[in-house]
Amino acid sequence: MDQKTALVVFEDKKIRRIWHNDEWYFSVVDVVGALIDTPDARNYWKVLKHRLLKEGSEVVTKCNQLKLPSSDGKYYETDCANTKNMFRIIQTIPSPRAEPFKQWLSQVGYERVQE
């Protein structure tokens, strides 16, 4: 990983992020995986994304496909969202971890502003 990409950790879950357009963008699949107990966060996001699109939510269209490193070391285009849109996505996921995650995400954003 280089200086514009970084891993952050929430409750032992790794969240990939990338510095893009002067702000952090977080991997949506990683965030979904941190919030819910499922072996397939990618599929959960696929179903959720489809449901949000059907409901007319614009949050999905505000996700950017950015290249992030995968576990195999290669870079792949990944759905990413900035902090504001990640909060909107989190609100659609029923999870007891949502509130602690929102607080954590706010802290990560605040630390970047302080840098």
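Residues numbered from 1 in each chain as written. Predicted model: local features only at pLDDT ≥ 70, side-chain atom pairs only at ≥ 80, totals over all residues. Heavy atoms only, no water.

Let's talk about the packing of helix H1 (residues 28-35) against helix H2 (residues 41-54)
Describing two packed helices takes the angle between their axes plus the distance from one axis to the other.
Phase 1: One can describe the packing of H1 onto H2 by two numbers: an axis separation of 8 Å at closest approach and a directional angle of 105°. One finds that H1 runs roughly perpendicular with respect to H2. Along the contact surface, H1 presents Val 28, Val 29, Val 32 and Gly 33, while H2 presents Ala 41, Arg 42, Tyr 44 and Trp 45. (Axes fitted to C-alpha atoms, helices over the stretch in contact; angles between N-to-C directions. Helix = DSSP H or I, 4+ residues; strand = E, 2+ residues; numbered from the N terminus. Parallel < 35°, antiparallel > 145°, perpendicular 65-115°, else oblique. Contact = heavy atoms within 4.5 Å.)

Concerning the packing of H1 against helix H3 (residues 83-91)
Phase 1: In contact at an axis separation of 11 Å, H1 and H3 are set at 40° when each is read in the N-to-C sense. With respect to their mutual orientation, H1 and H3 come out oblique. Regarding H1 and H3, the two cross each other, and that crossing is right-handed. Touching Val 28, Val 31 and Leu 35 of H1 are Met 86, Ile 89 and Ile 90, all from H3.
Phase 2: Of the residues in the contact of H1 with H3, the class split is 6 nonpolar, no polar and no charged. (Left-handed = near helix turned anticlockwise from the far one by under 90°. Nonpolar A, V, L, I, M, F, W, Y, C, P; charged D, E, K, R; others polar.)

Description of the side chain of Asp 30
Phase 1: In this fold, Asp 30 is placed in helix H1.
Phase 2: Of the residues examined, Asp 30 reaches a relative accessible area of 13% and is grouped as buried.
Phase 3: Apart from residues lying up to four places away in sequence, Asp 30 is in contact with Lys 14, Ile 15 and Arg 16. (Buried < 20%, exposed > 50% of the residue type's maximum accessible area, 1.4 Å probe, protein only.)

Thoughts on unusual backbone geometry
Phase 1: Within the chain, Asn 21 stands out as a residue other than glycine whose phi angle is a positive 50°.
Phase 2: Checked against the element boundaries, Asn 21 lands in the loop between strand S2 (13-20) and strand S3 (23-27).
Phase 3: Of note, Asp 22 is a non-glycine position whose phi angle comes to about 65°, a positive value.
Phase 4: Mapped onto the secondary structure, Asp 22 falls in the loop between S2 and S3.
Phase 5: Judged by relative accessible area, which is 67%, Asp 22 ranks as exposed.

Focus: the confidence of the model for the protein chain
Phase 1: Residue-level pLDDT values for the protein chain average 84, and 87% of them are 70 or greater.
Phase 2: When mean pLDDT is taken per element in the protein chain, strand S5 (residues 75-82) scores highest with 95 and strand S1 (residues 5-10) scores lowest with 67. (pLDDT = per-residue confidence, 0-100.)

Here we look at the nonpolar core
Phase 1: Counting residues in hydrophobic clusters, the biggest one holds 29 residues, and the most contacted among them are Phe 26, Trp 45 and Phe 101.
Phase 2: Of all the secondary-structure elements, those providing two or more residues to this core are S1, S3, H1, H2, H3 and helix H4 (98-114).
Phase 3: Here the element with the most residues in this core is H1; it accounts for 6 residues.
Phase 4: Other than its neighbours up to four places away in sequence, Phe 26 contacts Val 8, Ile 15, Arg 16, Arg 17, Val 31, Asp 79, Cys 80, Ala 81, Thr 83, Met 86, Leu 105 and Val 108.
Phase 5: Within the second largest apolar cluster, 5 residues are counted, among which are Ile 18, Leu 66, Leu 68 and Cys 80. (Core = buried A, V, L, I, M, F, W, Y, C linked by side-chain atoms within 4.5 Å.)

Some words on H2
Phase 1: Look at H2: 20 Å from first C-alpha to last across 14 residues, which is about the 20 Å you get at 1.5 Å a residue.
Phase 2: Contacts made by the buried residues of H2 are with H1, S5 and H3.
Phase 3: Phi for Gly 56, located one or two positions after H2, is positive at around 85°. (Expected span 1.5 Å × (residues − 1).)

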